[in-house]
Amino acid sequence: MSSENTEKKPSFDPVKLEQVNVNVDYPMEPDEFEILYKHNCYCHMAHISKFGYPIVTPMFYVVLDDGYIYISSVQKYRQKIDHLIANPKISVSISNDGSNARRQKAIQIIGKAEVSFDQELMTKVHWMIIDKYWWELKTDEERQNAFTAVHTPLRVLIKVVPQKIISWDFGK
């Protein structure tokens, strides 16, 4: 029998699909979780507006040594910081491209946002953002210019404090 005939075929059982518990039925391996959690390009952050609507925004993020996600955001001209101060409920989704359902991996974090104005912490986070997203910058001058553009007085940090984490790997 050829390897083409022995490949596992997808099952499309509507009852099973409606009752799936992705966290249990499609568990992600710890090393794959860490790679996706720490090294993915973007997260999607959801918060509640002052009118009660969910607002979802793609965001840059980094994970510090403490294991928490940190997001830098402009406070002036944006409302998410005011919304998070009023209602700190937050949800963050991190996923691979998911262009093929059998390769989709995702992490969902539900928790509380802690807004921080701490300049020392912000400096650390902003340098990590430069390292993660603008790794092609080679000279100190290029890196400093990028940092100066990111590290402005209008920015604050959002620390995501998880209350529940769900992950799945549909490649299982």
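Here's a quick rundown of the structure. (Residues numbered from 1 in each chain as written. Predicted model: local features only at pLDDT ≥ 70, side-chain atom pairs only at ≥ 80, totals over all residues. Heavy atoms only, no water.)

**Points about the overall build of the chain**
Thought 1: If you tally the helices and strands in the chain, you get 7 helices and 7 strands.
Thought 2: Of all 172 residues assigned to the chain, the portion counted as buried reaches 34%.
Thought 3: Total accessible area computed for the chain in this model is approximately 11,100 Å², and 53% of it derives from carbon and sulfur atoms. (Helix = DSSP H or I, 4+ residues; strand = E, 2+ residues; numbered from the N terminus. Buried < 20%, exposed > 50% of the residue type's maximum accessible area, 1.4 Å probe, protein only. Areas by Shrake-Rupley, 256 points an atom, 1.4 Å probe, with all protein chains shown as cover.)

**What to know about the pattern of salt bridges**
Thought 1: Under the defined criterion, the tally for this structure stands at 3 salt bridges.
Thought 2: Note that Lys-105 and Glu-32 form a salt bridge whose closest N and O atoms lie 3.6 Å from each other. One end of the pair, Lys-105, is in strand β6 (residues 105-116); the other, Glu-32, is in helix α4 (residues 30-39), with 73 residues separating them in the sequence.
Thought 3: When its relative accessible area of 23% is taken as the criterion, Lys-105 is described as partly exposed. (Salt bridge = Lys/Arg side-chain N within 4 Å of Asp/Glu carboxyl O.)

**Considering the packing of aromatic side chains**
Thought 1: Per the counting criterion, the structure on display carries 9 aromatic pairs.
Thought 2: Their ring planes at 15 degrees and their centres at 5.5 Å tell us that Tyr-42 and Phe-60 sit as a pair that is stacked. Of the two residues, Tyr-42 sits in strand β1 (residues 42-48) while Phe-60 sits in strand β2 (residues 54-60), which places them 18 residues apart along the sequence.
Thought 3: Since its relative accessible area comes to 43%, Tyr-42 is described here as partly exposed.
Thought 4: Residue classification places Phe-60 among the partly exposed residues on the basis of a relative accessible area of 31%.
Thought 5: Through successive ring pairs, a cluster of aromatic residues spans Tyr-42, Phe-60, Tyr-133 and Trp-134.
Thought 6: Positioned above the aromatic ring of Tyr-68 is the side chain of Lys-159, whose terminal nitrogen or guanidinium carbon lies 4.2 Å from the ring centre. (Phe/Tyr/Trp six-rings, centres within 6.5 Å; stacked < 30°, edge-to-face > 60°. Lys NZ or Arg CZ within 6 Å of the ring centre and 35° of its normal.)

**Observations concerning the environment of Ile-109**
Thought 1: With respect to the helices, strands and loops of the structure, Ile-109 is situated in strand β6.
Thought 2: Leaving out residues up to four positions away in the same chain, Ile-109 has contacts with Tyr-37, Ile-69, Ile-90, Ser-91, Val-92, Ile-94, Val-160, Pro-162, Lys-164 and Ile-165. (Contact = heavy atoms within 4.5 Å.)

**Some thoughts on the nonpolar core**
Thought 1: Counting 29 residues, the largest nonpolar core has Ile-69, Ile-71, Val-92 and Ile-94 as the members making the most contacts within it.
Thought 2: Ignoring any residue separated from it by four or fewer positions in sequence, one finds Ile-69 in contact with Tyr-37, Tyr-61, Val-62, Val-63, Val-92, Ile-94, Ile-109, Ile-158, Lys-159 and Val-160. (Core = buried A, V, L, I, M, F, W, Y, C linked by side-chain atoms within 4.5 Å.)

**Notes on helix α6 (residues 119-133)**
Thought 1: With 15 residues, α6 extends 21 Å from end C-alpha to end C-alpha; this agrees with the ideal 21 Å at 1.5 Å per step.
Thought 2: Between a side-chain oxygen at the N-terminus of α6 and the backbone nitrogen of Glu-120 the separation is 3.0 Å; the capping residue is Asp-118. (Expected span 1.5 Å × (residues − 1). Polar contact = N/O pair within 3.5 Å; in protein donor to acceptor, adjacent residues only side chain to side chain.)

**What about the packing of α6 against helix α7 (residues 140-150)?**
Thought 1: Between α6 and α7, the least distance of the axes is 10 Å, while the angle of their chain directions is 125 degrees. Classified by the angle their axes make, α6 and α7 are oblique. When the axes of α6 and α7 are compared, the crossing they make is right-handed. Residues Thr-123, His-126, Trp-127, Ile-130 and Asp-131 of α6 pack against Arg-143, Gln-144, Ala-146, Phe-147 and Val-150 of α7.
Thought 2: Split into classes, the residues belonging to the contact of α6 with α7 amount to 5 nonpolar, 3 polar and 2 charged. (Axes fitted to C-alpha atoms, helices over the stretch in contact; angles between N-to-C directions. Parallel < 35°, antiparallel > 145°, perpendicular 65-115°, else oblique. Left-handed = near helix turned anticlockwise from the far one by under 90°. Nonpolar A, V, L, I, M, F, W, Y, C, P; charged D, E, K, R; others polar.)

**Thoughts on the side chain of His-83**
Thought 1: Relative to the assigned elements, His-83 resides in helix α5 (residues 80-86).
Thought 2: The contact partners of His-83, leaving out residues within four places of it in the chain, are His-47, Ile-48, Ser-49 and Lys-50.

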